[in-house]
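Fold and contact review
Here are the chains, one letter per residue:
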Amino acid sequence: MLVIKDLHVKFDNRDREAVAGVSLTIEDGEILGLVGESGSGKSVTAMSIAGLLPRKQCTYSGDILLDGQDLLHAKRSDLRKIHGTKIGVVFQEPMSSMDPLMKVGEQVGEALRIHTKLDRQARKDKVIKAMESVELRDPEAVYDKYPHELSGGMQQRAMIAAAIITEPSLLLLDEPTTALDVTIQAQILELLKKLNAERKMSMLFISHNLNVVRKLCRKVAVMQKGCLVEEGLTDEIFLNPQHPYTKRLIDAIPTRIRKEGS
Amino acid sequence: MMKYVLKRIGMLVVTMLLVSFLTFLAFELISGDPARSMLGTNAPSYQVDALRHELGLDQPFFLRYFKWLTGFFSGDLGISYSYRQPVWDLIGSKLMITILLSLISFALIVIISIPMGIFSYQWGGGPFEWIRTSFNQLCMAIPPFFTGILLSYVFGILFRVFSPGDFPDLYEEPGAAFLHLFFGAICLSIPRIAMTTRMMRSTIVSEMNKAYVRTAISRGNDRRSVLVTHVLKNSLTSVVSFLGQTMAEILAATIVVEQVLGIPGLGRFLVLSIAQRDYPVVQAIVVILAFWVVLAGTLADLINQSIDPRLRLGGDLA
Ligand SMILES: Nc1ncnc2c1ncn2[C@@H]1O[C@H](COP(=O)(O)OP(=O)(O)OP(=O)(O)O)[C@@H](O)[C@H]1O
Ligand SMILES: [Mg+2]
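This part takes up unusual backbone geometry. In the Ramachandran plot, K225 of chain A falls in the positive-phi region, its phi being about 45 degrees despite a non-glycine side chain. Assignment of secondary structure puts K225 of chain A in the loop between β9 (219-224) and β10 (227-233). With a relative accessible area of 54%, K225 of chain A lands in the exposed category. Positive phi is not limited to glycine here, since R84 of chain B has a value of about 55 degrees. Mapped onto the fold, R84 of chain B is located in the loop between α4 (61-73) and α5 (87-123). Using a relative accessible area of 46% as the deciding quantity, one classes R84 of chain B as partly exposed.

The structure is reproduced here in structure tokens:
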């Protein structure tokens with residue numbers, strides 16, 4: 001279970017807090033959606049959880065506890081043990097998030113190389129399995145390919161495989177489908193649903209698109225300018241948004257799609 | 001892999017042919033009537049015609065180019081106007097010395113600046129920042145001829161480790177000759193080591209800010225293992241291109257250092273031949289320099305293609 005209590009993050013070169021008092025809880029096996037417009041602090045929240053904040057360039061306070069273990073104030077060396085074992089992260093741009101000069105298979109297996117003593121062959125077997133579970137076709141061939149040889153959708157599947165290979169209890173997804181076209185986006189959402197159902201993996205799914213969130217997340221939190229303005233069950237919020245900002249977000253979805261979804 | 005190696009070598013050959021043709025054409029235009037200028041304005045015209053025939057100058061342009069080109073690759077670079085000797089006999093051993101000097105300098109640059117680049121990235125920040133930058137600036141600003149004068153004075157005159165004006169025979173005293181060349185290489189490489197180190201450092205810094213580094217950290221890498229497993233390899237292509245340019249420049253840069261340290265390489269001879277309008281010699285040296293440049297570029301490209309699979313496609317991917 002992930003608990004965030006009153007998280008504040010302020011970058012030294014900014015006047016306004018990027019995250020201004022966010023409290024959130026993600027239960028085991030739950031997918032929480034986090035929506036909000038650009039610059040509202042979604043990524044900074046995720047980076048804080050993942051321990052990827054540039055600590056020297058910002059001030060932060062609050063608590064982030066994963067199964068009782070403090071993440072926000074943990075030592076770097078302790079964080080490295082959590083990175084890639086208890087928390088997996090998937091970013092928006094699969095292409096630039098991958099090392100262009102390393103074979104896909106090695107990148108997918110990187111967390112295993114760092115955190116386990118498995119030999120090359122054992123790692124490869126696991127990588128192939130992980131690739132199969134994210135429905136990458138022909139994993140043996142993909143293993144030896146370079147990122148630029150894959151399509152955007154395949155790259156993102158590989159990134160997901162890399163994030164889940166050590167079976168972390170929490171998966172952070174920062175706009176994982178934004179850079180992909182609509183059909184691929186739908187496939188990735190289905191995949192995430194399946195992974196969540198099979199593995200009971202908790203997820204934080206960030207998006208600026210409420211409609212995408214509705215397909216995947218039972219619960220949603222809405223951020224605006226660093227603050228949470230609304231939080232609750234996705235369907236309830238859709239039917240009865242309390243905050244004017246949430247209403248605007250819902251109104252921004254074209255009517256046709258809004259009906260399709262319900 | 002084989003396919004683009006062949007392709008790149010094909011490009012190399014075409015470029016070299018082009019370079020050699022343009023050089024030949026240029027010298028055809030500037031050299032005027034060499035037979036006449038060799039014999040002087042008072043010589044009878046039948047003598048001039050005879051010399052022209054002897055030098056093969058009465059043949060059509062393209063035939064002469066073709067002969068010159070085939071000769072070039074079989075070691076026949078023509079006859080010097082001033083010495084009436086085959087050009088190759090005149091420049092062969094000098095070329096050898098200059099190339100040795102360039103290669104030693106280049107080896108120093110590669111061996112020193114790559115580790116220095118990493119070192120200055122790892123430990124050159126914070127309180128050492130200004131020491132690092134000013135030392136770097138200083139080294140970049142030292143002209144090789146100045147280092148040459150300094151080294152001649154200190155190691156040549158004070159300590160008598162080598163004798164600056166008197167180059168030992170390469171085959172009789174290879175050790176001493178090598179030492180002499182080594183001092184020349186130090187002069188040539190100091191500013192270039194400084195440049196390459198700085199370049200390497202700034203490439204690492206910019207790679208460190210890329211998105212894949214964040215991914216690597218999210219998998220549990222520390223900064224060091226990110227550097228070793230991801231960033232160094234990604235920084236290498238820029239460094240290799242830069243080194244390719246350095247390698248290309250360095251052969252021409254030897255000229256001044258050779259003068260200062262009394263190294264009997266191509267440099268001094270080139271200057272002399274230009275003054276004497278000894279066109280076959282100048283032409284041969286120009287073509288050799290151009291080939292060296294093209295070769296350095298090709299080597300750098302081939303190495304980069306073996307590092308970066310994206311360059312293997314057609315070379316038009318960023
Ligand atoms: N490294 C940083 N240095 C300074 N300011 C930053 C940094 N990272 C983020 N910010 C600022 O923090 C605020 C929140 O940014 P954040 O990336 O969390 O927004 P977001 O909700 O993820 O938006 P988007 O939908 O565009 O990804 C922004 O004003 C941003 O400019
Ligand atoms: Mg973001």
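With that settled, the discussion passes to the environment of M98 of chain A. Residue and element names in this part refer to chain A. Following the sequence through the fold, M98 ends up in the loop between α3 (94-97) and α4 (104-108). On the basis of relative accessible area, M98 is assigned to the buried category, the value being 2%. C-alpha separation for the pair M98 and E175, spaced 77 residues apart in sequence, amounts to 16 Å.

On to the side chain of D174 of chain A, then. Residues and elements named next belong to chain A. You can see D174 is positioned in strand β7 (residues 170-174). At 2.7 Å, the side chain of D174 and the side chain of S43 are in polar contact. If we ignore the near neighbours within four places in the chain, the residues touching D174 are S43, M47, V90, F91, Q92 and I206.

Turning our attention to empty space enclosed by the protein. Enumeration over the complete set of coordinates arrives at 4 cavities of 30 Å³ or more. Its boundaries defined by the atoms lining it, the largest cavity holds a volume of some 80 Å³. In terms of lining residues, the largest cavity is bounded by G84, I87, G88, V89, A111, M159, A162, A163 and T166 of chain A together with T215, S218 and R219 of chain B. Breaking the lining of the largest cavity down by element, the ones donating at least two residues are β6 (87-90) and α8 (152-164) of chain A together with α9 (211-218) of chain B. A class-by-class count of the residues in the lining of the largest cavity yields 6 nonpolar, 5 polar and 1 charged.

Another point: helix α10 (residues 223-261) of chain B. Residue and element names in this part refer to chain B. The end-to-end C-alpha distance of α10 is 45 Å, clearly below the 57 Å that 39 residues give at a rise of 1.5 Å each. In α10, a bend of some 50 degrees at V231 exceeds every other bend along the element. Positive phi appears at G262, one or two residues downstream of α10, with a value of about 60 degrees.

On to the domain arrangement of chain A, then. Many analyses report the size of an interface as the accessible area lost when the parts associate. All names here are of chain A. Structurally, chain A comprises domain 1 (1-86 + 171-262) and domain 2 (93-167). The centre of domain 1, based on its C-alpha atoms, is set 24 Å off from the matching centre of domain 2. Listed as interface residues are 18 residues of domain 1 and, on the opposing side, 16 residues of domain 2. Of all residues in domain 1, the largest losses of buried area upon contact with domain 2 belong to T85, L191 and R199, amounting jointly to 30% of the total for that side. On inspection of domain 1 and its partner domain 2, the count reaches 2 salt bridges. The salt bridge partner of E167 is R199, with a shortest N-O separation of 3.7 Å. Run the count over domain 1 and domain 2 and you get 7 residue pairs in polar contact (both at pLDDT 80 or more).

What counts, and where the lines are drawn
- Sequence positions are assigned chain by chain, starting from 1 and proceeding in written order.
- Throughout, the order in which chains and ligands are written sets their labels, letters from A for the former and numbers from 1 for the latter.
- Since the coordinates come from a predicted model, pLDDT governs what is reported: local features require at least 70, and pairs of side-chain atoms require 80 or more to be given and counted, while whole-chain, interface and lining totals use all residues.
- Each side-chain value is derived from all of the structure's non-hydrogen atoms; neither hydrogens nor water enter the calculation.
- Counting from the N terminus, the helices are the DSSP runs of H or I reaching at least four residues and the strands are the DSSP runs of E reaching at least two.
- Burial classes: relative accessible area under 20% of the type maximum marks a residue as buried, over 50% as exposed, and values in between as partly exposed (1.4 Å probe, protein chains only).
- Polar contact is defined as a pair of N or O atoms within 3.5 Å, subject to the rule that within protein one atom must be able to donate a hydrogen and the other to accept it, and that residues adjacent in sequence are counted only when both atoms are side-chain atoms.
- Throughout, a residue-residue contact means that at least one pair of heavy atoms, one from each residue, lies within 4.5 Å.
- In the cavity and pocket records, a cavity denotes points on a 1 Å grid over the protein atoms alone where a 1.4 Å probe fits but cannot get out, a pocket denotes an open set with protein on both sides within 12 Å along at least 5 of 7 lines, and lining residues are residues with an atom within 4 Å of a point.
- Grid points are joined across faces, edges and corners, and a volume is the space filled by probe spheres set on the points.
- Amino acids are sorted into nonpolar (Ala, Val, Leu, Ile, Met, Phe, Trp, Tyr, Cys and Pro), charged (Asp, Glu, Lys and Arg) and polar (every other residue, Gly among them).
- Multiplying 1.5 Å by the residue count of a helix minus one yields the expected span of that helix.
- What the bend at a residue measures is the angle between two axes, fitted to the seven residues ending there and to the seven starting there.
- Residue ranges assigned to the domains are those given by an automatic or database domain assignment.
- The term buried area denotes the loss of accessible surface (1.4 Å probe radius) that occurs when two parts are joined, taken as the sum for both partners.
- Salt bridge, as applied in this entry: a Lys or Arg side-chain nitrogen positioned within 4 Å of an Asp or Glu carboxyl oxygen.

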